[in-house]
Amino acid sequence: METLFFIIILMIFGFYSYPAILWLLFIAIYSVIFYDVGVYFWIVFITFSIFILNEKIRQNFIIIPILKYLKSNEINFKIFKNIFYFNEHTFLTNTFKSYKEKKLTKEENDFLRNDVEKLFIFENNRYIDFIKNKKLFALCIPKEYAGLGFSFFSYLKIIEKFAFHCSSLNINDILINSINSSKILLKYGTKKQKEYYLPKIAKEEEIIEFIFTKTNFKGEVFKDAKEELKIKLEFNFKDYNNISTLIIVAFDLYDPKHLILKNTNLVTTFALINIETIKNTNSSENLTINYKDIIGEPSHTQNQKSFIKSLLFYKKASFLSLCIGQSKSNLKLINSYTSLKDEYEVSKKEIKEIEEKIAQIVSFNYLSTNLRNYFFSINKDDSNIDFFNHIIDYHISKNFKKIAFITIDILDSNKFQKIKKRVYEFIEYSNNLDKSSFDFEHIFIKNKSIVIIDKTLQNYISSSINLNIKSFIFFLTRGYFIKVDKELKRHKKSLIWVSTNFNALLNFSSLLSKKRKKIINEKLIDIFSWIHLLKLIIKENEDNQNSNYKFLVDYICQYGFYQIQKEKENIFQEIPTFKILLPFIRLNPYALKPNNKINTKIIKFIKNKENLDEICASLSFLKDNNKTIFFELDEALKLQNECEDLHERIKYAIKHKTLKKTHFSETIKQANKTGVITKKEYEKLDFAYKKRLNLFT
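Rules used throughout
- Residue numbers run consecutively from 1 along every chain, following the written order of its sequence.
- Local features in this predicted model are restricted to residues whose pLDDT is 70 or higher, and side-chain atom pairs enter the listing and the counts only when it is 80 or higher, whereas totals over whole chains, interfaces and linings include all residues.
- Only hydrogens and water are removed before side-chain values are computed, so all heavy atoms of the structure are retained for them.
- Where helices and strands are cited, they refer to DSSP runs of H or I of at least four residues and of E of at least two residues respectively, numbered from the N terminus.
- Remark: exposure states derive from per-residue accessible area (1.4 Å probe, protein chains only) relative to the maximum for the residue type, with buried under 20%, exposed over 50%, and partly exposed in between.
- Whether two residues touch is decided by their heavy atoms; if any such pair falls within 4.5 Å, the residues are in contact.
- pLDDT expresses, on a scale from 0 to 100, how confident the predictor is about each individual residue.
- Only buried residues count toward a nonpolar core. Its members are Ala, Val, Leu, Ile, Met, Phe, Trp, Tyr and Cys residues joined through side-chain atoms within 4.5 Å.

**Student:** Which parts of the structure should I look at to understand the overall build of the protein?
**Tutor:** From N to C terminus, the protein includes 26 helices and eight strands. Buried residues in the protein amount to 52% of all 697 residues. Nonlocal contacts in the protein, meaning residues at least 24 apart in sequence, comprise 76% of its contacts between residues at least 6 apart.

Here it is as structure tokens:
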């Protein structure tokens, strides 16, 4: 019993991060009172205490010998830092920053609802002409240069509408690369370059794009025979669009003779190149461009690499908007389609499975839209841009593909072959995205002073003890004693528990071998993504107390914590020594799979057309015309809803054995013959049935 109390008190010390001297005093006093310890114990204890409490002794007898053993003044050891984790004060002190949803101006709204809407009366091969006529290339160019002067957020709303109605992947690439090119000219271009190129781009006299590459091209400054400044640039431009007339590339400018750069011989810069120049150059040669082709003045004081990251951010945000638009389209199709399914032929099991899938699509829409709004309302720096890009590349991309395959699986009629083909195109597009790398911020202890190494390791050990003890106690109690405010109390407690456990696992992973670390790191990144998405969705709910989507927040939290639980189990599965703990971890999970009740609640909510339109049309998507599959679905659904009372009457007759349950067409014939429905009612039901049948054959 004394030992149990001893362990419990030590855990309390670790939970509250008490200083080392209190630990040592407690151990000494407790040992004197409750244990019969001898001289050897006190020799070891006092020696250990001196090493722990005396910095100089610790550094001279522990740190320095370690460094000598390693034969260099470094420790090849990652210690993660600044990975914010949630604690008991997070929600009580309103740690999360509120954000306001980005709004469009009246002019942007009118353009979206009127001009862009007309796009969808055209066939695919006329989209480019329409884009030109509607000045979409001029979208983000200021009015002073003959552009529309709209925000980039308005572009995201436009491309979302494109994705809702048509296969817009090629259009997206053309537009986003043009917009990013305009941003480069606006930021780095000289007055002369801006005044010459931007109006031409706005009027579609030139079509421009920025070429993204994994690594920058290399260019070297030299003087030609006429003593004119030239740049010899690596020539491997293969991926430019066939309608472009100009391209912009980022490259590392080498100037060893300081012909351009005075204080350095290397700087990242941009060049604007005419497509004809590339076409006239042999692919085996380097491309030679003039100094005047450089955008602005090369300067190592400007952070071009950071700016390129922001351009990548815009491209990822554009892909996110494509996912949102396509998933809204999928949701509307599936909801209408499944509502039209012959309920007499669908089993309860099938209905539950379909409801579960639809709930996933609805939650993906809600989560993705909030994620985009959030990142466009905060100050962006390199670290959160990297994280946002990672979430798009892995988390959103993975979940989008999941709901895309759900759509293909549910739409089993040949009538939807075009839709399925478009969904497959989106999946392929997602697979071909360049994945940006992401790593946790860490301290790499290298060439630091003995004092810094000592301090860092001390903090690391202290935080590891604290996090592991907290994680263990939260596991035993399910975070019951965590103090949070009332709103979404259960989910907030779970978030603190998960976050603490994540940081403990992160610290632990730094001790693993490289091979194990790489495997586990991918799973940790997935957990980290979910933690921040759940934080976002909980905060969004707090900011909108009157929101109609509280049940969706509840579903996303249940689903997210369930996904985290699975990743945690996978981590322990990867470590042979820890596999034995798996039953223990499964005994008290973060969350179970969302139950059928909440799925049914979501389905009931979107059965209301107004609610579905609100989810699928955050900015009033165009009204469906009679050429679209949406129109056919809505017409069939409208007819079916008008016959709802008749369906109920037939169900009642079947239940009371007035009618036999057979194929629907036979059942309604029986109903007419037996007088359950009149001939006029039979004709109405038969017409609605044939309209519906047309969509399933």
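**Student:** Please explain the confidence of the model for the protein as it appears in this structure.
**Tutor:** Keep in mind that low pLDDT regions are not for reading the predicted coordinates in detail. In the predicted model, the protein carries a mean pLDDT of 81, and the fraction of residues at 70 or more is 85%. Mean pLDDT values over the elements of the protein span from 58, in strand 1 (residues 74–80), up to 91, in helix 10 (residues 191–202). Predicted confidence is poor over residues 618–622, with pLDDT under 50, and the contacts of this stretch with residues over four places away or in other chains come to 20 contacts.

**Student:** What is the right way to read the nonpolar core from this model?
**Tutor:** The tendency in soluble globular proteins is for nonpolar side chains to be buried as a group. The biggest cluster of nonpolar side chains holds 155 residues, and the ones touching the most others in it are Phe152, Phe270 and Leu371. Considering every element that reaches this core, the biggest residue donor is helix 12 (residues 304–340), with 16 residues. Val221, Ile247, Ile260 and Ile289 belong to the second largest nonpolar core, which has 19 residues in total.

**Student:** Honestly, unusual backbone geometry in this entry has me stumped. Any pointers?
**Tutor:** Generally, phi is negative for residues other than glycine and the peptide bonds are trans, each holding for most cases. For Glu204, which is not glycine, the phi dihedral falls at a positive 60 degrees. Examined against the element boundaries, Glu204 turns out to sit in the loop between helix 10 and strand 2 (208–211). Under the relative-accessibility criterion, Glu204 is labelled buried at 16%. One non-glycine residue, Lys657, adopts positive backbone phi at about 60 degrees. Counting through the fold element by element, Lys657 comes out in the loop between helix 24 (644–655) and helix 25 (664–673). The exposure class assigned to Lys657 is exposed, which follows from its relative accessible area of 75%.

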